[in-house]
Amino acid sequence: MSKALQTAREMIGKQGSRQTIPTPALVLDLDALDKNVATMAAHCAKNGLSIRPHAKTHKCASIARRQIEAGAVGICCAKLGEAEALFEAGDGAIESILLTSPVVTGQGIERLVDLNARMPELIVAVDNAENVRALAAAAQEALRAGQGKALKCIVDLDVGLHRTGIAPGDDAFELAELVDAADSLELMGLQAYAGHLMHIENFEERREKSLACMKVLGEMRDRLKAAGLPCDIVSGGGTGSYNIDPEAKVLTELQGGSYIFMDKQYNDVPIEGGVPMPFDTSLFVQMSVVSNNTKNLATTDAGFKAFSTDAEPPVLHAGAPEGAGYFFFGDEQGGILLPDGATLPLGATLTAVTPHCDPTVNLYDAYFVVKGDALVDIWPIEARGKSA
């Protein structure tokens, strides 16, 4: 444990301890997080859906346990390394993981089969017959050795993103048949994610296109069921379509991830009538002023290495005067442009909303969990950097 982290732990529970957090730091508002978890859980329950939140957003066993305690049937992981890390850190609470990306390398498949033997339920997405045959062979070898169980698979359907997935129709149907025919595999159903639609700002356009994707997914589900193929799980959706996809009555579980944090990108996506989503921003980067020698300018200790840079600059949330704005000022520094006459003292604490929460989280080792002005806990980000 670093000296900075050790010192911060000694401040947990003390009034005003939020100001003692070593910066730059990833700060998590516990009340807002818990509200978001409860809001999504209630929404899914009302619509007859399970919630299987995507842990690629938070990469943290403590948050996954909170989601499961609120009713989630399990979690999604984008990468095998994430699944391994979170299962091992979950202390038995994380019993079901859906891997939403294919695992195709030899060493990856070996690790996948090993993880399948160790945890109650592991499901992996497939979109290629060659991969299915490799998975079946590895799972069969493990079964012959008396290790593990059949590997559960879900067919990943491409509904327009073209990142992963197989095109709907005959090819997808034949892939499902191939999975079902393998003694060492178990077909669970279908997955689809329309990530290209999640940030469409016009609600009606987003609704129309999302429901069109759900229609394709539903037709594929019906074809599998008509042929007697298992399709107990239809998984997909996301934060941007959380209140649209249930209309189609196709999904059995929703994979939303960013709803727990709400970054700038999702804060810009309204629901019907231009109303903001009912989730509060809970995730911030806290930074400190380290230089203030130039008029109308202050420098903080949070630069390119403190935020994802695939989106707009961070949005200042607290600590800066009205009219101030953040700009990237280097690897280690961020600049604060100040209105005329305004100043910020050395050591002043500012917070900013993350531009894109998922890749920002991956830059940090821990969440500093706060309630009001008090630091109440520090949660490790166990799956940070687990991209393999």
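Structure: above.
What you see is a predicted model; the values in this text were computed from it and never measured. (Residues numbered from 1 in each chain as written. Predicted model: local features only at pLDDT ≥ 70, side-chain atom pairs only at ≥ 80, totals over all residues. Heavy atoms only, no water.)

J.: Teacher, can you tell me more about unusual backbone geometry here?
T.: Trans is the prevailing form of peptide bonds, just as negative phi is the prevailing case for residues other than glycine. A cis amide bond, omega -5°, links T23 with the succeeding residue P24. Assignment of secondary structure puts P24 in the loop between α1 (3-9) and β1 (25-29). Backbone geometry at K59 places phi at a positive 55°, although glycine is not the residue there. Topologically, K59 is positioned in the loop between β2 (50-51) and α3 (61-69). By relative accessible area, which is 6% here, K59 ends up buried. With phi around 60°, N296 is a residue other than glycine that occupies positive phi space. (Helix = DSSP H or I, 4+ residues; strand = E, 2+ residues; numbered from the N terminus. Buried < 20%, exposed > 50% of the residue type's maximum accessible area, 1.4 Å probe, protein only.)

J.: I tried to follow helix α5 (residues 106-118) on my own but got confused; where do I start?
T.: Spacing of three or four residues puts side chains on the same side of an α-helix, whose turn is 3.6 residues. For α5, which comprises 13 residues, the first-to-last C-alpha distance of 19 Å matches the rise-based estimate of 18 Å (1.5 Å per residue) to within 8%. On its buried side, α5 packs onto α4 (80-89), β4 (96-99), β5 (121-126), α6 (129-144) and β6 (151-157). (Expected span 1.5 Å × (residues − 1). Contact = heavy atoms within 4.5 Å.)

J.: Explanation requested: the pattern of salt bridges in the structure shown.
T.: Opposite charge on two side chains permits them to pair, given that their charged atoms come into close proximity. Throughout the structure, instances matching the rule amount to 20 salt bridges. A salt bridge links D31 to K371; the shortest N-O distance between them is 3.5 Å. Here the residue D31 occupies a position in helix α2 (residues 30-46), and K371 occupies one in strand β16 (residues 366-371), the gap between them amounting to 340 residues. When its relative accessible area of 40% is taken as the criterion, K371 is described as partly exposed. (Salt bridge = Lys/Arg side-chain N within 4 Å of Asp/Glu carboxyl O.)

J.: Would you take a moment to explain the sheet that holds β5 for this structure?
T.: Each strand in a sheet pairs with another by means of backbone hydrogen bonds, the pair being arranged parallel or else antiparallel. A sheet is described by the order of its strands in space; here 8 strands give the open sequence β2-β9-β8-β7-β6-β5-β4-β3, paired in parallel fashion. With one partner strand each, in any of the chains shown, β2 and β3 (75-77) form the two edges of the open sheet. Relative to strand β8 (residues 233-236), strand β7 (residues 185-192) runs parallel, the two sharing 4 bridges. Bridge pairing in β8 places A192 opposite G236. The strands touched by α5 within the sheet are β4, β5 and β6, with β5 carrying the most contacts at an inclination of about 150°. (Pairing = 2+ DSSP bridges. Axes fitted to C-alpha atoms, helices over the stretch in contact; angles between N-to-C directions.)

J.: Mind showing me how you'd approach the nonpolar core here?
T.: One recurring pattern in soluble globular proteins is that nonpolar side chains are buried together. Ranked by size, the top nonpolar core spans 106 residues in total, and within it L185, F261 and Y367 carry the most contacts. No other element matches the 6 residues that α4 contributes to this core. With residues up to four places along the chain from it excluded, the contact list for L185 reads V132, L135, A136, A139, A150, L151, C153 and V179. V27, A366, F368 and L375 belong to the second-largest nonpolar core, a separate cluster that totals 9 residues. (Core = buried A, V, L, I, M, F, W, Y, C linked by side-chain atoms within 4.5 Å.)

J.: Quick question: what am I supposed to make of the state of the cysteines here?
T.: As used in these notes, a disulfide is a covalent bond between sulfur atoms, one from each of two cysteines. Following the criterion strictly, the structure yields 0 disulfides and no others. Here C153 stays free of any disulfide, with the sulfur of C231 as its closest cysteine sulfur at 14 Å. (Disulfide = S-S within 2.5 Å.)

J.: Just to check I follow, could you spell out the environment of A248 for this structure?
T.: Looking at the secondary structure, you find A248 in the loop between β8 and β9 (253-254). Taking the C-alpha atoms as reference, A248 lies 14 Å from C44; in sequence the two are 204 residues apart. Ignoring anything within four residues of it in the chain, the contact list for A248 reads L211 and M214.

J.: Looking at this model, I keep getting lost on the environment of S17. Mind explaining?
T.: Position of S17 relative to the elements: it lies in the loop between α1 and β1. S17 gets classed as buried once you look at its relative accessible area, which sits at 0%. In sequence terms S17 and G372 are 355 residues apart; their C-alpha atoms lie 9.8 Å from each other. When neighbours within four sequence positions are excluded, S17 is seen to be in contact with M11, D373, A374 and L375. Polar contacts involving the side chain of S17 include one to the main-chain carbonyl oxygen of M11, which spans 3.4 Å. (Polar contact = N/O pair within 3.5 Å; in protein donor to acceptor, adjacent residues only side chain to side chain.)

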